[in-house]
Number of protein chains: 2
Amino acid sequence: MQDGTFTSAGHLHETCRGDAYARDCPTRQLLDRIGDKWSVLILLLLGEEEMRFSRLKQRIDGISQKMLSHTLRSLERDGLLTRHPVATVPVTVSYRITPLGRDLLGALRMMIDWAETRMSEVAAAQARFDRERVPA
Amino acid sequence: MQDGTFTSAGHLHETCRGDAYARDCPTRQLLDRIGDKWSVLILLLLGEEEMRFSRLKQRIDGISQKMLSHTLRSLERDGLLTRHPVATVPVTVSYRITPLGRDLLGALRMMIDWAETRMSEVAAAQARFDRERVPA
């Protein structure tokens, strides 16, 4: 096999050359996943401190229970976070970022910094684009 | 209005505080858009040099004509690239990254570098996760 491919179990094959421009390269899927807004927000929060489900849900205004569960599970499967039982009654689970996940934080922070600081320029560009394309 | 919202025309309102954790903040939508794999690949290529549609299509193995058109239009609307007519017969269009788009490249390169270099660790984590969750 020349390029990396997803196996039937859906995990990344290790033989990929790591070329995101190539059709079947898993880097592409990975790129899509780590660029997902919920993943980004969760990883950034866990970069500050480990957190329980309920706290994450509270911090990420508007995320549904289902979407939070789903995204946490994907991130755990990708090796970006781990689950740790907390001795509460009933037992709860705390989520902790892994070294692999922590290595991604620099890029995510740059991305969110760009989005937060340049947002008004994007808004202005969008307004201009829409104005020019709608006949008066 | 306290937070930024999408107007009916769908562009980002400029009054947003720039808090990606807040429910209605357009930073979130922006984050999702710039994290999209096709947007990332297109912007990285245009960071190298301006390119025509046909060349972009050739470089990004597997992208459909429709998806490439759609993504280019979104990126133009967001002010991340501009279109320039080329004096060919028939006239074609070349795409050029803007300074606003160029400012995002650092983050995108870090993200793709991470994906390309840490892919095998992600693959190993996924295989481990799947193995532990399937009863023997």
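Reference entry: report on the structure contained in this document. (Residues numbered from 1 in each chain as written. Chains lettered and ligands numbered in written order. Predicted model: local features only at pLDDT ≥ 70, side-chain atom pairs only at ≥ 80, totals over all residues. Heavy atoms only, no water.)

Between chain A and chain B, the superposition needs a rotation of 180° and an axial shift of 0.0 Å, giving an RMSD of 0.0 Å. Here the symmetry operator amounts to a two-fold rotation axis. Rotation axis and chain A: the residue whose C-alpha lies nearest the axis is Gly35 of chain A, separated from it by 2.0 Å. The share of interface residues of chain A whose copies in chain B are also at the interface is 100%, consistent with both copies meeting through the same surface. (Least-squares fit on C-alpha atoms with pLDDT ≥ 70 in both. Contact = heavy atoms within 4.5 Å.)

Let us look at helix H4 (residues 65–77) of chain A. All names here are of chain A. Counted at 1.5 Å a residue, the expected span for H4 with its 13 residues is 18 Å, and the 18 Å between its end C-alpha atoms agrees. For H4, the full list of buried residues reads Leu68, Thr71, Leu72, Ser74, Leu75, Glu76 and Arg77. Directly after H4, the chain includes Gly79, whose backbone phi takes a positive value near 80°. (Helix = DSSP H or I, 4+ residues; strand = E, 2+ residues; numbered from the N terminus. Expected span 1.5 Å × (residues − 1). Buried < 20%, exposed > 50% of the residue type's maximum accessible area, 1.4 Å probe, protein only.)

The α-helix winds at 3.6 residues per turn, so residues separated by three or four positions along the chain end up facing the same way. Within helix H1 (residues 26–35) of chain B, 7 of the 10 residues are buried, leaving the element largely enclosed by the surrounding structure. Every buried residue of H1 of chain B is accounted for by Pro26, Thr27, Arg28, Leu30, Leu31, Ile34 and Gly35 of chain B. Of the surrounding secondary structure, the elements contacted by the buried residues of H1 of chain B are helix H1 (26–35), helix H2 (37–48) and helix H5 (99–133) of chain A together with helix H2 (37–48) and helix H5 (99–133) of chain B.

This brings us to the sheet that holds strand E3 (residues 92–97) of chain B. Residue and element names in this part refer to chain B. What the 3 strands build is an open sheet, ordered E1-E3-E2; its pairing is antiparallel. Each having just a single partner strand, strand E1 (51–52) and strand E2 (81–86) make up the two edges of the open sheet. As judged from the 2 bridges shared by E1 and E3, these two strands associate in the antiparallel manner. Looking at E3, one finds that Met51 is bridged to Tyr95. Of the strands in this sheet, E1, E2 and E3 are in contact with H2, which crosses E3 at around 90°. (Pairing = 2+ DSSP bridges. Axes fitted to C-alpha atoms, helices over the stretch in contact; angles between N-to-C directions.)

Read these as geometric descriptors, not functional statements.
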